[in-house]
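Architecture and fold: a report
This is what each chain is made of:
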Amino acid sequence: MSPPIYAIMLSSLATGTIITMTSYHWLMAWIGLEINTLAIIPIISASHNPRSTEAATKYFLTQAAASATVLFSSMLNAWQTGTWDITQMYYLPSNLLLSMALAMKLGLAPLHFWLPEVLQGSTLFTALIIVTWQKLAPMSLIYLTINNLSPTILLILGLLSSTIGGWGGLNQTQTRKIMAYSSIANLGWMATIATIMTNLMIMNLLIYLVMTTALFSFLILSKSKTIQDTTMTWALSPTMTITMTFLLLSLGGLPPMTGFAPKWLILEELTTQNLIPLAILMAIFSLLSLFFYTRLAYTTTLTLSPNTLQTKFKWRFKQTLSTPLISILSTMAIFLLPLMPLMLM
């Protein structure tokens with residue numbers, strides 16, 4: 001794809017998300033979602049191979065179905081209440097339909113099946129866009145309609161997502177699929193806390209975006225598409241290898257890294273709300289995610305796969321990413337925990 005066309009697609013992607021995030025009318029929100037979906041389809045299918053075409057088709061079908069359901073639920077609500085205002089979703093069937101549609105757009109379990117497949121058919125950079133930027137529009141709609149959405153449905157979706165996100169990632173050898181299940185698990189935590197404390201959900205989303213972007217930057221820089229590829233990151237940069245290990249442990253939620261803060265605060269809030277069984281289950285299922293992060297950290301740092309002499313000279317290759325940006329993101333993704341009290345004030 002030529003650079004001007006690529007720039008137009010990325011700017012359309014940004015425009016669609018911003019339209020959805022800033023709208024108060026359901027039709028404008030739907031138009032934003034459609035622009036967003038139509039802009040990323042060419043980006044996914046730009047690689048010209050059967051996997052990327054399949055990924056683009058799956059992405060289009062699921063997102064189109066979810067957008068249509070959003071429009072249908074808003075039409076039902078407008079029919080019953082006479083208003084198209086996003087914050088006034090008072091009709092119960094509309095709220096249930098909207099919950100399911102947004103869960104499909106985000107990739108929350110049990111509507112998550114498209115996400116690992118689409119990521120596997122995309123390039124690493126496109127996968128990064130799908131698991132970070134593409135989550136902003138649906139999350140903003142959840143934030144706007146949270147007073148009317150069913151808390152029970154969101155808690156069930158959150159628990160299912162953290163379970164499946166942990167379980168599904170155990171068996172994977174492809175880094176993109178591991179990141180897809182990681183995304184499902186993290187979004188499960190956000191869905192769980194959404195009805196109880198929205199500012200915690202926003203904080204969790206921001207930390208997730210920083211950590212995921214930092215880790216994907218390392219994967220793009222080292223061209224690591226499988227677990228075996230990560231065993232050769234030391235040949236590119238020993239510093240990067242160490243930072244990547246800490247990043248993975250931070251994503252898993254180990255203290256004293258940044259990733260521990262949202263899990264800690266969410267579990268504390270669930271316990272305060274007397275949802276103790278849910279808090280226990282969420283904590284147990286987060287151990288499944290921690291296992292595959294630890295496995296990735298182990299292969300990155302402590303394992304050396306059979307290799308040829310040429311693979312040991314990766315450090316001679318020209319870098320394609322800005323290292324200052326990676327340094328800032330990885331520092332934030334690892335060392336922000338002591339600043340949490342300031343961030344929450």
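Throughout, residues of each chain are indexed from 1 in the direction in which the sequence is written. In view of the model being predicted, local features appear only for residues whose pLDDT reaches at least 70, and side-chain atom pairs are presented and counted only at 80 or more, with totals across whole chains, interfaces and linings using the full set of residues. Note that water and hydrogens are dropped before the side-chain values are worked out from all heavy atoms of the structure.

Overview of the domain arrangement of the chain
Heads up, the condition is: For the purposes of this description, domain bounds are those given by an automatic or database domain assignment. The contact rule is simple, with two residues in contact once any of their heavy atoms fall within 4.5 Å. Accessible surface is computed with a 1.4 Å probe, and the buried area is the amount of it that two parts give up when combined, taken over both parts together. Salt bridge, as applied in this entry: a Lys or Arg side-chain nitrogen positioned within 4 Å of an Asp or Glu carboxyl oxygen. We define a polar contact as two N or O atoms separated by no more than 3.5 Å, with the added condition that, inside protein, one atom must be a possible hydrogen donor and the other a possible acceptor, whereas residues neighbouring each other in sequence contribute only through side-chain atom pairs. Numbering of helices and strands runs from the N terminus; a helix is a DSSP stretch of H or I covering at least four residues, while a strand is a stretch of E covering at least two. In this classification, Asp, Glu, Lys and Arg are treated as charged, Ala, Val, Leu, Ile, Met, Phe, Trp, Tyr, Cys and Pro as nonpolar, and every other residue, Gly included, as polar.
On domain assignment, one finds that the chain holds domain 1 (1–149) and domain 2 (150–344). Between the C-alpha centres of domain 1 and domain 2 the distance comes to 23 Å. Taken together, the contacts link 31 residues of domain 1 with 35 residues of domain 2. Across the interface of domain 1 and domain 2, roughly 2,900 Å² is buried in total on both sides, 80% from carbon and sulfur atoms. Looking at the side of domain 1 facing domain 2, the largest losses of area belong to Gln120, Leu124 and Met139, adding up to 23% of the total buried there. For the pair domain 1 and domain 2, the number of links is one salt bridge. Between glutamate 117 and lysine 177 there is a salt bridge; the shortest N-O distance is 3.5 Å. In this assembly, domain 1 and domain 2 are joined by four residue pairs in polar contact (both at pLDDT 80 or more). Taken together, the elements giving at least two residues each to the side of domain 1 that touches domain 2 come down to α4 (92–106), α5 (114–121), α6 (124–131) and α7 (136–145). Of the residues in the side of domain 1 that touches domain 2, the class split is 21 nonpolar, eight polar and two charged.

Notes on the environment of glutamine 134
We apply this condition: Only protein chains enter the area calculation, which uses a 1.4 Å probe; residues under 20% of their type maximum are buried, those over 50% are exposed, and those in between are partly exposed.
Its location among the elements puts glutamine 134 in the loop between α6 and α7. On the accessibility criterion, glutamine 134 (7% relative accessible area) is buried. Sequence separation of glutamine 134 and threonine 213 is 79 residues, and the distance between their C-alpha atoms is 13 Å. Among the polar contacts made by the side chain of glutamine 134, one reaches the side chain of tyrosine 59 at a distance of 2.7 Å.

Regarding α6
Taken across its eight residues, α6 has seven buried, putting it largely inside the fold. Considered for burial, the residues of α6 that qualify are Leu124, Thr126, Ala127, Leu128, Ile129, Ile130 and Val131. At its buried positions, α6 is contacted by α1 (3–22), α2 (26–44), α3 (50–81), α5, α9 (175–194) and α10 (198–222).

Considerations on α7
With nine of 10 residues buried, α7 lies mostly within the body of the structure. Those residues of α7 that sit buried are Leu136, Ala137, Pro138, Met139, Ser140, Leu141, Ile142, Leu144 and Thr145. Contacts made by the buried residues of α7 are with α1, α2, α4, α9 and α10.

Quick word on the side chain of glutamine 120
Along the chain, the position of glutamine 120 falls in helix α5. When sequence neighbours within four positions are dropped, the list of residues in contact with glutamine 120 reads Arg51, Gln174, Arg176 and Lys177.

Examining the nonpolar core
For clarity, the cut-off: We call a set of buried Ala, Val, Leu, Ile, Met, Phe, Trp, Tyr and Cys residues a nonpolar core when their side-chain atoms join them within 4.5 Å.
The biggest cluster of nonpolar side chains holds 97 residues, and the ones touching the most others in it are Ile130 and Ile142. Of the domains in this structure, domain 1 (1–149) and domain 2 (150–344) are the two that each give at least three residues to this core. For isoleucine 142, the residues in contact, after removing those within four places along its chain, are Leu102, Leu106, Leu149, Ala194 and Met201.

What about unusual backbone geometry?
Following alanine 109, the chain continues to proline 110 via a peptide bond in cis, the omega torsion being 5°. As for its position among the elements, proline 110 is in the loop between α4 and α5. Unlike most non-glycine residues, asparagine 274 shows phi in positive territory, near 65°. With respect to the element layout, asparagine 274 can be found in the loop between α13 (260–272) and α14 (276–302). A residue is classified by how much of its surface remains accessible, and asparagine 274, at 61% relative accessible area, is exposed.

Looking at the environment of glutamine 80
When you line up the elements, glutamine 80 lands in helix α3. Separated by 98 residues in the primary sequence, glutamine 80 and isoleucine 178 place their C-alpha atoms 43 Å from one another.

Overview of the packing of α1 against α2
Stated precisely, the cut-off is as follows: All axes here are fitted lines through C-alpha atoms, helices being fitted over the stretch that makes contact, and every angle between N-to-C directions spans 0 to 180 degrees. With respect to orientation, any angle under 35 degrees is reported as roughly parallel, any angle over 145 as roughly antiparallel, any angle of 65 to 115 as roughly perpendicular, and every other angle as oblique. Definitions for this section: a left-handed crossing has its near helix turned counterclockwise from the far helix by less than a right angle. A right-handed crossing has that turn clockwise.
In contact at an axis separation of 7 Å, α1 and α2 are set at 155° when each is read in the N-to-C sense. Taken together, the axis directions place α1 and α2 in an arrangement best described as roughly antiparallel. For the element pair α1 and α2, the recorded crossing hand is left-handed. For the pair α1 and α2, the contacting residues are Tyr6, Met9, Leu10, Ser12, Leu13, Gly16, Thr17, Ile19 and Thr20 in the first and Met28, Ala29, Gly32, Leu33, Ile35, Asn36, Ala39, Ile40, Pro42 and Ile43 in the second.

Thoughts on a nonpolar patch on the surface
So the rule is basically this: Exposure above 30% relative accessible area and the lack of any salt bridge qualify a residue for a patch; like charges then connect within 9 Å, and the nonpolar side chains Val, Leu, Ile, Met, Phe, Trp and Tyr within 5 Å. The Shrake-Rupley method, run with a 1.4 Å probe, gives the accessible areas here. Residue values count only the displayed protein chains as cover.
Residues Met1, Ile5 and Ile8 make up a contiguous nonpolar surface patch of about 280 Å² in total accessible area. Note that methionine 1 resides in the segment before α1. The class of methionine 1 is partly exposed, set by a relative accessible area of 46%.

Considerations on the packing of helix α8 (residues 151–169) against α9
Interaxial distance between α8 and α9 falls to 7 Å at its minimum, and their mutual angle equals 155°. When the axis of α8 is compared with that of α9, the two are roughly antiparallel. Judged by the twist between their axes, the crossing of α8 over α9 is left-handed. Seen from α8, the contacting residues are Leu154, Leu155, Gly158, Leu159, Ser161, Ser162, Ile164, Gly165, Gly166, Gly168 and Gly169; seen from α9, they are Ile178, Tyr181, Ile184, Ala185, Gly188, Trp189, Ala191 and Thr192. Residue composition of the contact of α8 with α9, by class: 10 nonpolar, nine polar and no charged.

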